[in-house]
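# Coordinates in review
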Protein chains: 2
Amino acid sequence: MATQALADWTVSLSYPDLPEEVTHAAVRSFYNIAGCIVGGSQHPASTIARNALSPFSGPPTSHLLGTNASTDAMHAALFNGIASHVHDYDDTHLDTIIHPTGPVACALLAIIPTLSHPVSGTEFITALVAGIEAECKIGLAVWPAHYDVGWHITSTTGSIGAAVAVAKLLSLSAEKVAHAIGLAATQVTGLREMFGSHAKSFHPGRAAQNGLLAALLAREGFTSSVEALEAKRGLEEEIGGLGDAGRWEIVRNAFKPFPCGIVVHPVIDGCVWLHGELERVGVDVADIEEVIADVHPLVLELTGKATPKDGLEAKFSVYHGGAVGLLLGKAAPAQYEDDVVLDGRVVALRARFRAVPDENLRADECHLVVKVRGGASIEKHVDYAMGSLECPMTNEQLTAKFVDQCVGILGEERTDRASRWCWDLEEQADVGRINDVL
Amino acid sequence: MATQALADWTVSLSYPDLPEEVTHAAVRSFYNIAGCIVGGSQHPASTIARNALSPFSGPPTSHLLGTNASTDAMHAALFNGIASHVHDYDDTHLDTIIHPTGPVACALLAIIPTLSHPVSGTEFITALVAGIEAECKIGLAVWPAHYDVGWHITSTTGSIGAAVAVAKLLSLSAEKVAHAIGLAATQVTGLREMFGSHAKSFHPGRAAQNGLLAALLAREGFTSSVEALEAKRGLEEEIGGLGDAGRWEIVRNAFKPFPCGIVVHPVIDGCVWLHGELERVGVDVADIEEVIADVHPLVLELTGKATPKDGLEAKFSVYHGGAVGLLLGKAAPAQYEDDVVLDGRVVALRARFRAVPDENLRADECHLVVKVRGGASIEKHVDYAMGSLECPMTNEQLTAKFVDQCVGILGEERTDRASRWCWDLEEQADVGRINDVL
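Throughout what follows, the structure given in this document is the object of discussion. (Residues numbered from 1 in each chain as written. Chains lettered and ligands numbered in written order. Predicted model: local features only at pLDDT ≥ 70, side-chain atom pairs only at ≥ 80, totals over all residues. Heavy atoms only, no water.)

## What about the sheet that holds strand E7 (residues 353–357) of chain B?
Residue and element names in this part refer to chain B. With mixed pairing, the four strands of this open sheet are ordered in space as E7-E6-E8-E9. The open sheet is flanked by E7 and strand E9 (377–382), the only strands paired with a single partner. With direction set aside, neighbouring strand axes in the sheet form an average angle of 15°. Sheet topology note: the strand E6 (residues 288–295)/strand E8 (residues 366–372) ladder contains seven bridges and is antiparallel. Paired with Ile288 across the strands is Val372, a residue of E8. (Pairing = 2+ DSSP bridges. Helix = DSSP H or I, 4+ residues; strand = E, 2+ residues; numbered from the N terminus. Axes fitted to C-alpha atoms, helices over the stretch in contact; angles between N-to-C directions.)

Okay, structure coming up:
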């Protein structure tokens, strides 16, 4: 019943059903992922994948954001999906730590230019919401056991979310949506063991492609079990709360101010503040003897890499995030480049950084003490990290993040135009025109 | 260590290392799968997939066996892989019930025509053996728990086998083979929940594609964890026995005389014999009151569908296999067509067919009693079903199976030529020329 319930809900969803907070969250989710795709488009994971697979690509219908290249829809979903996640800078549904928008948006953006009719912003948003709700509801049903045994929950649920979104966009019947769900569910991509390698970003890319493939096969009559979800995952009850019958998950989607594991964010947030404070009181970072960060225990479990060897590993190092925050006053993708990770000053400060698990702290909270040569110390308590649900990034902050990711690739003028286009998603008559601006 | 051990073994494997029984088994495995791909090429699962995905296909380098069509290597791996399994007529590594050859052979056949040099039969066999050994060794390490919790072990291990085989063919370094293994391992395709739908055959097709993709990404420098196997599956010890350090799994690969779940084979084998016996003694099938089959308990667990609604479901019906064996004296793909499954005489005989689990019987054994109106009865005890390791299909039987699958599609002359070409695999100077014959 869960599969059919999700299929029926998908078919019945329409734009007027969506509360304003939902469409608002959808636009912010889209805006954020568009910048992330551009920002990740030049990363080696992206360029290697494009080089490896270009000999097998079909008609270049679908644009790769942030590049001059297009490729077939199936590869575009993969490549844009890899780019969307490679900096670990995408959105996070905090209740499940799913990064929901990448697989769904990349599948939709890939297939839209192949359709015989334009897709409006409101149609796009409706499909996007369908896919994101599907991912997050399924995620809630299987969290945390599913993640704990080693699955990258973003891509395992992402395949299904992408299938639901594309099925919605293609107006498939409820029966075919159910087959699409099954065909996506059986492609269970993503082991957490891959974290710290290119394969992590491959996961949401492949999820976008898995879901797109599933919907396209189902459209032509390819069949699957129509009980994929209940058979393997026990979603019966949770699915009952889909959409307006329960809460909307997309409004609980958060955005990262820093391109790394979200549990590190309170530390970075506090360290960026401390960077300013140290400057204000005239303390040189070289005079720091020790930094002690009291953190939620999950921080060390997930991001305890003390000596990251490159940018990808640094994303799983609370020490690196704290060090660049303190030393440089920011932690954008540039601060996760390999040369920064291996910079002598950063390495030295990381070595003086100590993280202490404290079960009394929430995951979005931390307490920092900087001990300075001579005996002085400066403290900072972060109640809610920037980017948490209690302290969400503002549209202005999202814009600054977008610009930071795009300007070096697109230039100022195009970045500015793209930013406005993406904020105006709801008014777009043809979302396929994104190819002209990003 | 397991991943690196498999990678090192793959790199070091060479044709002269292969005992004759191994190359012999490889040729038989290849011969059997070639016929199965042709035989499955016209099935709706195959044609629907081709129709759905042709708009996204790249340069048509790679042939779809049994058709006039070619497509890019990535799609060819998928389509040939679907065809290879759709009749459930492919090979079986009985210790793990993996169908090992499809994913591996389909990935290899797809990529060969894109290479700048011809691939000889011996190079092909070496890569094929590498892939099949990888699948089966990994399968042995995770069997039966992995299957019991719901994974289609053919495709979950098939992705890795295909990656290993392609990596071998491309002469990747051991480091890159390890990345290829990781990239394949993280694409865990195949839920048993899909059995009875098109998605079942999608699994080995996608596995072929997953593995091919993994090897091509790794070749260009895309990274994964290099501990994918030990981290998630605990293969350390089993991998120690790879290749000549232990037994060769490929020689334990068996071939199906009947296109359905292998546990049904003893019943079909016995019923085909009984069909002849009933004819000999002049009993009309309409006079059969009841058939009682004592079978291994797994037979009912896996193939207990009493009233299959179509050919795909009939593959999971011991009742259907027995009925067509008794009534028609054979159980080839034609006896699993929808119209046969719904034929009144078949339906009536299925209804009189009773299967009784008996824990004292092996899975390749059964005891049959046919009770005839008037009180007479005929019995048959099958010690080892045809196609079991103890009673393997002969080359002549494999040839008859090949011809049965190909002749309606290729015609007699081409079938005969293709059969000879495939038996002569070891002597072929350019395996890519298979495109000319099949």
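## Quick word on the interface of chain B and chain A
With 52 residues of chain B at the contact, the number on the chain A side is 52 residues. Between chain B and chain A lies a buried interface of about 4,100 Å² when both sides are counted; carbon and sulfur atoms form 70% of it. If you look at where chain B meets chain A, you find zero salt bridges. Going through the elements one at a time, helix H3 (44–53), helix H4 (73–85), helix H9 (174–185), strand E4 (187–189), helix H10 (199–219) and helix H11 (228–233) of chain B are the ones with two or more residues in the side of chain B that touches chain A. Looking at which element gives the most residues to the side of chain B that touches chain A, the answer is H10 of chain B, with nine residues. (Contact = heavy atoms within 4.5 Å. Buried area = accessible area lost by both parts, 1.4 Å probe. Salt bridge = Lys/Arg side-chain N within 4 Å of Asp/Glu carboxyl O.)

## Concerning the sheet that holds strand E6 (residues 288–295) of chain A
Across a sheet, strands are paired by hydrogen bonds formed along the backbone, either parallel or antiparallel in direction. Residues and elements named next belong to chain A. Pairing is mixed across the open sheet formed by four strands, whose spatial order is E7-E6-E8-E9. Two strands in the sheet have a free side with no partner beyond their single neighbour: strand E7 (353–357) and strand E9 (377–382). Each adjacent strand pair in this sheet contributes to an overall mean axis angle of 15°, direction not counted. Against the sheet, helix H13 (residues 265–281) touches E6, E7, strand E8 (366–372) and E9, its axis set at about 145° to E9.

## Focus: the relation of the copies chain B and chain A
Between chain B and chain A, the superposition needs a rotation of 180° and an axial shift of 0.0 Å, giving an RMSD of 0.1 Å. Here the transformation between the copies is reduced to the relation of a two-fold axis. Minimal C-alpha distance to the rotation axis in chain B is attained by Gly58 of chain B, lying at 1.8 Å. Both copies contact each other with a shared surface, as 100% of the interface residues of chain B are interface residues in chain A too. (Least-squares fit on C-alpha atoms with pLDDT ≥ 70 in both.)

## Quick word on the environment of Asn210 of chain B
Position of Asn210 of chain B among the secondary structure elements: in helix H10. Along the backbone, Asn210 of chain B and Ser155 of chain B are 55 residues apart, and their C-alpha atoms lie at a distance of 9.5 Å. Excluding residues within four positions of it along the chain, Asn210 of chain B makes contact with Arg206 of chain A together with Ser159, Gln187 and Thr189 of chain B.

## Some details on empty space enclosed by the protein
Within the structure shown, the criterion is met by six cavities of 30 Å³ or more. What lines the largest cavity is Leu53, Met74, His75, Leu78, Arg206, Gln209 and Leu213 of chain A together with Met74, His75, Arg206, Gln209 and Leu213 of chain B. Secondary structure elements with two or more residues in the lining of the largest cavity: helix H4 (73–85) and helix H10 (199–219) of chain A together with H4 and H10 of chain B. What the second largest cavity holds in volume is close to 60 Å³. (1 Å grid on protein atoms, 1.4 Å probe; cavity = no way out; pocket = protein on both sides within 12 Å on 5 of 7 lines; lining within 4 Å. Points joined across faces, edges and corners; volume = space filled by probe spheres on them.)

## So, the pattern of salt bridges
Inspection of every chain in the model, using the stated rule, returns 34 salt bridges over all chains. Residue Asp88 of chain A pairs with Lys256 of chain A through a salt bridge whose shortest N-O separation is 3.9 Å. Highlighted residues: Asp88 of chain A in the loop between H4 and strand E3 (92–93) and Lys256 of chain A in the loop between strand E5 (253–254) and H13, separated in sequence by 168 residues. Here Lys256 of chain A falls in the buried class, since its relative accessible area comes to 1%. Arg433 of chain B is the partner of Asp436 of chain B in a salt bridge, and the nearest nitrogen-oxygen pair spans 2.5 Å. The class for Asp436 of chain B is partly exposed, based on a relative accessible area of 42%. Salt bridges here are not isolated pairs; linked through shared partners, they connect Asp95, Lys137, Arg247, Glu249 and Arg252 of chain A. (Buried < 20%, exposed > 50% of the residue type's maximum accessible area, 1.4 Å probe, protein only.)

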